[in-house]
Amino acid sequence: MATLSLRNIKKVYDNKVTAVDDFNLEIADNEFVVFVGPSGCGKSTTLRMVAGLEDISGGELYIDDKLMNDVAPKDRDIAMVFQNYALYPHMTVFQNMAFALKLRKTPKDEIDRLVRQAADILDITEYLDRKPKALSGGQRQRVAIGRAIVREPKVMLMDEPLSNLDAKLRNEMRAEIIKLRQRINTTFIYVTHDQTEAMTLGDRIVIMKGGFIQQIGTPQEVFDHPANLFVAGFIGTPHMNIFDAELKKDNGKYSVVVNGVEFPCSAKKQAEFEAKGLVPQKVKLGIRPEHLNLSDDASNSIPARVDVSEMMGSSIHLHANSDGKDVVLVLQAADLSDEHRTGYTYGSDIRFTFDTNLMHLFNEETGENLI
């Protein structure tokens with residue numbers, strides 16, 4: 001187990017391209033931290049700097065309060081699981097998992113104990129005599145994880161380990177990683193572009209864009225209180241709806257105007273806006289699809305026309321057009337009438353509303369959350 005400290009970490013490549021800039025993060029002992037963001041945001045580069053596979057252009061990396069910038073990868077007591085498994089094809093599963101221990105000149109009986117213990121944890125004992133080509137993708141990934149954990153590293157690094165698996169296997173392996181984390185005492189850093197993996201695996205999530213950290217927080221914090229428009233749009237499935245809106249204040253009371261309809265703010269929002277001293281302004285209004293509700297009240301709801309109705313089993317995803325912009329609503333099928341329980345026809349007219357307690361307001365220019 002180990003603590004990590006990344007202080008002002010920076011990576012600049014020879015062509016003067018800055019991949020990571022001003023990266024600051026403290027990781028506690030035995031914590032599971034997920035780096036998430038779109039392709040090219042710098043998450044894998046940061047992971048590789050922690051591993052020692054990339055030189056650090058600026059800043060300092062500490063593991064257990066020891067400066068690691070110039071320490072060789074083999075001396076950092078770190079194990080890494082790659083996206084493409086990186087198994088030796090000519091070796092059996094047992095030999096793959098034992099390889100690093102043999103290099104350390106670990107006694108044979110200890111190697112056997114550690115490999116079989118890891119195989120038992122990962123449920124791959126029956127495959128120890130097979131070659132990688134005889135295994136499925138999910139089984140190969142278990143072997144790659146097993147090869148890492150037999151070393152009992154201080155820090156476990158995982159670089160998009162599930163991205164080559166199909167959807168069902170990804171779900172299964174995600175559950176296996178959660179169980180693995182509970183059984184071994186190791187600090188984890190996990191890289192993914194899949195926000196579902198980030199939300200389900202991480203104690204904390206580091207959301208990145210363009211080499212910069214956008215927000216750090218628990219899964220619930222980043223979902224409930226996104227720091228800016230990028231985080232709001234990246235976290236959550238389907239993505240948050242963003243509307244052009246106006247924040248008004250009349251006689252000391254706040255309201256928001258969306259598509260020509262005015263919604264008085266709740267007492268909770270009134271207090272928050274007052275405490276922040278918000279002034280009337282144009283804003284970007286964010287509402288998650290599951291927080292939009294159908295309404296029959298023509299005076300206090302927004303009109304829209306259905307484009308696509310997706311039946312998802314327990315819920316229906318309605319894609320509609322309102323004032324020329326796409327809007328997504330997630331409706332629970334059990335709450336709908338028999339007529340609409342399987343969806344809405346193209347061109348259907350609907351009206352929707354929302355609870356102002358669940359809305360998010362962002363600065364129109366900077367995209368920063370006003371609260």
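Residues numbered from 1 in each chain as written. Predicted model: local features only at pLDDT ≥ 70, side-chain atom pairs only at ≥ 80, totals over all residues. Heavy atoms only, no water.

### Focus on the overall build of the protein chain
Condition: Helix and strand assignments follow DSSP, with helices taken as H or I runs no shorter than four residues and strands as E runs no shorter than two, numbered in order from the N terminus. Throughout this description, buried means an accessible area under 20% of the type-specific maximum (1.4 Å probe, protein chains only), exposed means over 50%, and partly exposed covers the range between. We call two residues in contact when some of their heavy atoms are within 4.5 Å. The protein chains shown are the only cover counted for residues, whose accessible areas, like all others here, come from Shrake-Rupley with a 1.4 Å probe. Just so you know, the count uses Lys and Arg for positive and Asp and Glu for negative, and it drops His and the chain ends. Charge positions are represented by NZ for Lys, CZ for Arg, CG for Asp and CD for Glu.
Within the protein chain one finds 9 helices and 20 strands. When its C-alpha atoms are laid out on the principal axes, the protein chain stretches across 80 × 50 × 40 Å. Every one of the 371 residues in the protein chain was classed for burial, and the buried ones make up 49%. For the protein chain, the proportion of contacts with a sequence separation of at least 24, taken over those separated by at least 6, is 67%. Carbon and sulfur atoms form 47% of the exposed surface of the protein chain, whose accessible area is close to 17800 Å². If the 44 positive side-chain charges of the protein chain are averaged to one point and the 53 negative ones to another, these points end up 7 Å apart.

### Digging into the sheet that holds strand β19 (residues 349-354)
As a reminder of what qualifies: Note on pairing: DSSP must find at least two bridges between two strands before they are called paired. Angles here are taken between N-to-C directions and fall from 0 to 180 degrees, while the axes themselves are lines fitted to C-alpha atoms, restricted in helices to the stretch in contact.
Across the sheet, which stays open at both edges, the 5 strands sit in the order β15-β19-β16-β17-β18 with antiparallel pairing between neighbours. Strands at the two margins of the open sheet, each flanked by one partner only, are β15 (292-294) and β18 (325-332). Neighbouring strand axes in the sheet, compared pairwise and without regard to direction, differ in orientation by 45° on average. Taken together, the 8 bridges between strand β17 (residues 315-322) and β18 define a ladder with antiparallel strand orientation. Each residue of the ladder has a partner; that of S315, found in β18, is Q332.

### Here we look at helix α3 (residues 108-122)
Applicable threshold: By definition here, a helix of n residues has an expected span of 1.5 Å times n minus one. Here the arc refers to the directions that run from the helix axis out to each C-beta atom.
Its 15 residues place the ends of α3 21 Å apart at the C-alpha level, agreeing with the 21 Å of an ideal helix rising 1.5 Å per residue. Taken residue by residue, α3 has I111, L114, V115, A118, A119, I121 and L122 as its buried positions. Axial view of α3: buried residues confined to an arc of 160°, hence all on one face.

### Describing the side chain of N228
Our working definition: Pairs of N or O atoms within 3.5 Å make up the polar contacts considered here, provided that, within protein, one atom can donate a hydrogen while the other can accept it, and that residues adjacent in sequence are counted only when both atoms are side-chain atoms.
Take N228: it is sitting in the loop between α7 (219-224) and α8 (229-234). Side-chain polar atoms of N228 contact the backbone nitrogen of V231, separated by 2.9 Å. If near-sequence neighbours (up to four positions away) are discounted, N228 is found in contact with Q214, F362, G367, E368 and N369.

### Comments concerning the packing of aromatic side chains
In plain terms, the rule: Pairing of aromatic rings covers Phe, Tyr and Trp, the last counted by its six-membered ring, and requires centre-to-centre distances within 6.5 Å; plane angles under 30 degrees mean stacked, over 60 mean edge-to-face, and any other angle means tilted.
Taken as a whole and assessed by the stated rule, the structure comprises 8 aromatic pairs. The interplanar angle of 65° and the centroid separation of 5.5 Å between the aromatic rings of F23 and F35 together place this pair among those described as edge-to-face. Placement of the pair is F23 in strand β2 (residues 18-27) and F35 in strand β3 (residues 32-36), with a sequence separation of 12 residues. On the basis of relative accessibility, which here comes to 0%, the residue F35 falls in the buried class. Ring geometry for F263 against F354: centres 4.5 Å apart, planes inclined by 40°, an arrangement best described as tilted. Remark: F354 occurs in strand β19 and F263 occurs in strand β13 (residues 261-264); sequence separation between them is 91 residues.

### Comments concerning the confidence of the model for the protein chain
Short version of the rule: The pLDDT value tells you how sure the predictor is about a given residue, anywhere from 0 up to 100.
Of the residues in the protein chain, 100% reach a pLDDT of 70 or more, and the chain-wide mean stands at 93. Per-residue pLDDT, averaged within each element of the protein chain, yields its smallest value for helix α5 (residues 167-183) (88) and its largest for strand β10 (residues 212-217) (98).

### With respect to the pattern of salt bridges
Definition in use: What counts as a salt bridge is simple: a side-chain nitrogen of Lys or Arg found within 4 Å of a carboxyl oxygen of Asp or Glu.
One pass over the full model with this rule turns up 18 salt bridges. Linking K154 and D64 is a salt bridge whose minimum nitrogen-to-oxygen distance equals 3.3 Å. In this pair, K154 is assigned in the loop between α4 (137-149) and β7 (155-159) and D64 in the loop between β4 (58-63) and β5 (66-67), connecting sequence segments 90 residues apart. Overall, K154 belongs to the partly exposed group, its relative accessible area being 30%. Each of the salt bridges in this network shares a partner with another, and the network as a whole consists of K11, R48 and E54.

### Focus on unusual backbone geometry
Cis geometry is found at the peptide bond from T237 to P238, where omega equals -10°. Despite not being glycine, D77 has its phi angle at roughly 55°, a positive value. For D77, the position within the fold is in the loop between β5 and β6 (78-81). With a relative accessible area of 26%, D77 lands in the partly exposed category. Even without a glycine there, the phi angle at Y85 is positive, about 75°. Inspection of the secondary structure puts Y85 in the loop between β6 and α2 (93-103).

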